[in-house]
Amino acid sequence: MAKIYTVLFVLFSISGFAQNEASISHYQRSWATDSIHLPCEKWKLKDLDIHIPDSLYNSGVVSIKKMRYQGVKGFAYNVTISEGLVSAVVLSTKGKKGRVQLEHLQAILTSGTSNEAACRPTPTLTNWKRGAILTITSGN
């Protein structure tokens, strides 16, 4: 019975690679960084603990529970990848320091100019009493 499962697994793996469509779903507990992914950027690992090369998959979701961004703790980070490009980034936080950091990041992204209007990052900041969520999408 184990041989049958092995053969089926190999056949499904081969058919998956033949379609050239591979997806990843990655969860990481913690990460410290000074730069984040932006929409329309080619997907790169940026020192994440993913042991699969980024050239093997072209879509997926990467979630980080505890992120330290530019020295400030308390962020959660989600990146959505489609067709080998970053399509959406969501940063969420609780607390005043994190909220100030997200407001600063939103101001930088809003003031930045891009040649292509379709790929200009569009940040949307949602504040509430105890924290904030910054959603960055492409300007489609």
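In case you missed it, the structure is sitting above this.
Everything quoted here is computed from the prediction, not taken from an experiment.

Draft legend 1. Molecular detail of the pairing of strand β6 (residues 131-138). The sheet contact formed by strand β4 (residues 85-94) and β6 spans seven bridges and is antiparallel. The residue bridging L91 from the neighbouring strand is L134, located in β6. Taken together, the eight bridges between strand β5 (residues 121-128) and β6 define a ladder with antiparallel strand orientation. Across the sheet, the residue bridging to P123 is I136, located in β6. Where β5 hands over to β6, the hairpin turn is made up of two residues, counted between the paired strands.

Draft legend 2. Molecular detail of the pattern of salt bridges. Evaluation of the coordinates by the stated rule reveals one salt bridge. Between E41 and K46 there is a salt bridge whose closest N-O contact spans 3.7 Å. For E41, a relative accessible area of 27% corresponds to the partly exposed category. What makes K46 partly exposed here is its relative accessible area of 28%.

Draft legend 3. Examining the packing of aromatic side chains more closely. Here the structure, examined in full by the defined rule, presents two aromatic pairs. Judged by centre distance (5.6 Å) and plane angle (40 degrees), the rings of W31 and Y77 are tilted. Placement of W31 in strand β1 (residues 23-33) and of Y77 in strand β3 (residues 72-82) is noted, with a sequence separation of 46 residues between them. Taking relative accessible area as the criterion, W31 reaches 8% and is therefore assigned buried. When the centroid spacing of 6.1 Å and the interplanar angle of 90 degrees are considered together, the rings of Y69 and F75 count as edge-to-face. Judged by its relative accessible area of 5%, Y69 falls in the buried class.

Procedures and definitions
Residues numbered from 1 in each chain as written. Predicted model: local features only at pLDDT ≥ 70, side-chain atom pairs only at ≥ 80, totals over all residues. Heavy atoms only, no water. Pairing = 2+ DSSP bridges. Helix = DSSP H or I, 4+ residues; strand = E, 2+ residues; numbered from the N terminus. Salt bridge = Lys/Arg side-chain N within 4 Å of Asp/Glu carboxyl O. Buried < 20%, exposed > 50% of the residue type's maximum accessible area, 1.4 Å probe, protein only. Phe/Tyr/Trp six-rings, centres within 6.5 Å; stacked < 30°, edge-to-face > 60°.

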